[in-house]
Amino acid sequence: MSAEDLENYETDMELALYREYRDVVSLFSYVVETERRFYLANHVDLQVRSAAGEVYFELTLADAWVWDVYRSARFVKSVRVVTFKDVNVEELAKAELDLGGGAGFPR
């Protein structure tokens, strides 16, 4: 396998992952970013902890999807993350229910 073949394979895998993300994002309530991973989740519990003068974050996610091109199973029941780095948790805005058009309801 040439370097170009490997690069094309990785590009195809990243594109497939993006498409999967686009297809599943509406199933989740939160986006969570850590220094190592990007998650979608329906339940997030973030606790600030300290030990020996150091502050760290303990993050528990339930019903989650992991952005990782090398994972074969990206849907996970629960995730526990412990990190000394920043954590970003954002609640996703749910699109308003559109009862017009495609659902067969008059506008």
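Just so we're clear, the structure is a prediction, and the values are computed from it rather than from any experiment.

Before going further, it helps to spend a moment on the pairing of strand β3 (residues 54–67). Sheet topology note: the strand β2 (residues 38–51)/β3 ladder contains 13 bridges and is antiparallel. Paired with Q47 across the strands is E58, a residue of β3. Joining the antiparallel neighbours β2 and β3 is a turn of 2 residues, in which A52 adopts a positive phi near 55°. Of the pairings in the sheet, the one linking β3 to strand β4 (residues 75–83) comprises 8 bridges and is antiparallel in character. Within the sheet, the bridge partner assigned to L59 lies in β4 and is V81.

Turning to unusual backbone geometry, a few remarks are in order. The phi torsion at A52 lies on the positive side, around 55°, for a residue other than glycine. Relative to the assigned elements, A52 resides in the loop between β2 and β3. Here the phi dihedral of D63 falls at roughly 55°; this positive angle occurs in a residue that is not glycine. Within the secondary structure layout, D63 lies in strand β3. The class of D63 is partly exposed, set by a relative accessible area of 40%.

Attention shifts here to the nonpolar core. Formed by V32, Y39, A41, V44, L59, L61, A64, V66, V76, V79 and V81, the largest nonpolar core amounts to 11 residues. Listing elements by their share of this core, those giving two or more residues are β2, β3 and β4. Looking at this core element by element, the count peaks at 4 residues for β3. If we ignore the near neighbours within four places in the chain, the residues touching V79 are Y39, L59, T60, L61 and A64.

When pLDDT is averaged along the chain, the result is 88; 88% of the residues meet or exceed 70. Looking at the elements of the chain, mean pLDDT is at its lowest for helix α1 (residues 3–24), recorded as 89, and at its highest for strand β1 (residues 30–33), recorded as 97. Across residues 96–100 the pLDDT falls below 50, and counting only partners more than four positions away or on other chains, this stretch makes 3 contacts in the model.

Conventions we followed
Residues numbered from 1 in each chain as written. Predicted model: local features only at pLDDT ≥ 70, side-chain atom pairs only at ≥ 80, totals over all residues. Heavy atoms only, no water. Pairing = 2+ DSSP bridges. Helix = DSSP H or I, 4+ residues; strand = E, 2+ residues; numbered from the N terminus. Buried < 20%, exposed > 50% of the residue type's maximum accessible area, 1.4 Å probe, protein only. Core = buried A, V, L, I, M, F, W, Y, C linked by side-chain atoms within 4.5 Å. Contact = heavy atoms within 4.5 Å. pLDDT = per-residue confidence, 0-100.

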